[in-house]
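Residue-level listing of the chains:
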Amino acid sequence: MKINTKKLRQSIKKVVFLLFTFLNAGLLNSQPGISNEWTDNHFPSYIRRLSQFGERPDWSQDGKKILFVARSFGDVYEIDIPTGKITPLTHHYYHGGYLRALYLSNGDILLLGPKSFPSDNWQEARFKLTELWVLSKKLDSPPVRLGEFIWEGPAVSRTQLKIAWAQHHGNYPAQKRYWQIWVADIDYSTGKPQVKDQRVVFDNSTGEVKGAVLEPQNFRPGNEDELTIQSSNDGTEVLKLNLKTGELINLSNSPGSYDEPEGIFPDGLYTLVESSRHSKKGSTGSSIDIYKLKLDNSSTWERITWFNENGEFKATNPVISDDGKFMAFMVARVKEMAGIGHGIYILDFEKYEQAKRKK
């Protein structure tokens, strides 16, 4: 059989070209900010999916475990990162389901959930009936009820037994009227945890936050007299409150964007933000990805994830390990309610920075 060498060479060149194009595209798509095809199962190699279920992660102080809820109003679990072993923490007693779980500085667990779940009204359970509880790390008894209702999430100190939380007066969402932010210590002097020295430190009655929805996010590492706060009115902004002086600084200044502060870096210089600033849809909590914002007045932003680039997914609820090396977060579809997630993901910042340098 006679071989047409000219056609063979042309075919080989086409194959080589296509192969190069394919590999080059794969390389580009592994770098930050290039791919528009990130999904819940397709993302760069510096991200790994730790579990196939779970919402609202929180790091243990040693960085070896992550606390999470199975689903909204579900049980609480802890995953051992090196082994992948998942341990249920709330199977030993009856409860109304939990929305969040966070480590206290002594290793006990702060739980958020209603005493019982109203069978036909999840909004009432989430926005009106959710309370604060403390579960002992020994897991030898049900949690202790702290007797405080809470709006959405708290700020929990990583070094002190201190928390901040918001309370809403009125029935949400029909009545958006008055929010207060409280700070208190968790005291064990009686043999069981209780809130002590609780006090209102901020409300939405005046100034730029008048009428706004408020939610505390984090005590600032290295200076826990400062608190990052979400303020939602016409837009959602990142605020920093000085608890001693009352000084309030708007760090995002982006009324046309949804900017909600989330996990804070252990050096206290940056916070993670759920932001829609890349989206043409404006200030909406559905079209969000994870950004990094410097906690000064420089408006220095960096986009970390690109799940929302195609408008189908969103990355939410990011938290930073205490050594600053990893970010845990979750992914959901844009139409799903805030707080919904389908597994815990981890981003390795060292590998992320390497990918940026290759860009």
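What you are looking at is a predicted structure, and each value in this text was computed from that prediction instead of being measured.

Chemist: Help me out: how do you make sense of a nonpolar patch on the surface in this one?
Modeler: Nonpolar side chains collect at one region of the surface, where Phe117, Trp122 and Met337 lie side by side and expose about 270 Å² of accessible area between them. Within the secondary structure, Trp122 is located in helix α2 (residues 122-127).

Chemist: Explain the sheet that holds strand β15 (residues 223-232) to me, please; I cannot follow it from the model alone.
Modeler: Pairing between sheet strands relies on hydrogen bonds along the backbone, with the strands arranged either parallel or antiparallel. Read from one edge of the open sheet, four strands run β14-β15-β16-β17, paired in antiparallel fashion. In the strand order of this sheet, the two ends are held by β14 (213-220) and β17 (248-250), each with one partner. Looking at each pair of strands side by side, their axes are set apart by 30° on average, direction ignored. Of the pairings in the sheet, the one linking β14 to β15 comprises seven bridges and is antiparallel in character. Each bridged residue has a counterpart across the sheet, and for Glu215 the counterpart in β15 is Gln230.

Chemist: I would appreciate a short explanation of the sheet that holds strand β5 (residues 86-88) in the present structure.
Modeler: Across the sheet, which stays open at both edges, the four strands sit in the order β2-β3-β4-β5 with antiparallel pairing between neighbours. Edge positions in the sheet fall to β2 (55-59) and β5, since each has one partner strand and no second. Neighbour to neighbour, the strand axes of the sheet diverge by 25° on average, direction disregarded. Strand direction decides the pairing type here: strand β3 (residues 65-69) and strand β4 (residues 76-80), joined by five bridges, are antiparallel. Considered in β4, the bridge of Leu67 is made with Glu78.

Chemist: Got a minute to help me understand the pattern of salt bridges in this structure?
Modeler: If the charged atoms of two oppositely charged side chains come close together, the side chains can form a pair. Applying the stated criterion across every chain, the model contains 16 salt bridges. Between Glu78 and Lys65 there is a salt bridge; the shortest N-O distance is 3.7 Å. Of this pair, Glu78 sits in strand β4 while Lys65 sits in strand β3, and the two are 13 residues apart along the sequence. For the salt bridge of Arg158 with Asp322, the shortest nitrogen-to-oxygen distance reads 2.9 Å.

Chemist: Can you help me understand the pairing of strand β6 (residues 100-103) in this one?
Modeler: For a regular strand, side-chain orientation follows a simple rule: the groups alternate between the two sheet faces. Residues Arg100 and Leu102 line one face of β6 and the alternating positions Ala101 and Tyr103 line the opposite face, and both faces are buried. Pairing analysis gives four bridges linking β6 to strand β7 (residues 109-113), with the strands arranged antiparallel. In the sheet register, Leu102 faces β7, and the bridge partner there is Leu110. The hairpin formed by β6 and β7 contains five residues between the paired strands, and Gly107 there has a positive phi angle of roughly 95°.

Chemist: Is there a simple way to think about the pairing of strand β11 (residues 162-169) in this case?
Modeler: Where burial is concerned, most of β11 is hidden: seven out of the eight residues are buried. When strand β10 (residues 151-156) meets β11, the two strands line up antiparallel, connected through three bridges. When the bridges of β11 are listed, Ala155 appears paired with Ala164. Where β10 folds back onto β11 in an antiparallel hairpin, the turn is made up of five residues. With eight bridges joining them, β11 and strand β12 (residues 178-187) adopt antiparallel strand pairing. By the bridge assignment, Ile163 is partnered in β12 with Ala184.

Calculation rules
- Residues numbered from 1 in each chain as written.
- Predicted model: local features only at pLDDT ≥ 70, side-chain atom pairs only at ≥ 80, totals over all residues.
- Heavy atoms only, no water.
- Patch = residues over 30% accessible without salt bridge, like charges linked within 9 Å, V, L, I, M, F, W, Y side chains within 5 Å.
- Areas by Shrake-Rupley, 256 points an atom, 1.4 Å probe, with all protein chains shown as cover.
- Salt bridge = Lys/Arg side-chain N within 4 Å of Asp/Glu carboxyl O.
- Helix = DSSP H or I, 4+ residues; strand = E, 2+ residues; numbered from the N terminus.
- Pairing = 2+ DSSP bridges.
- Axes fitted to C-alpha atoms, helices over the stretch in contact; angles between N-to-C directions.
- Buried < 20%, exposed > 50% of the residue type's maximum accessible area, 1.4 Å probe, protein only.

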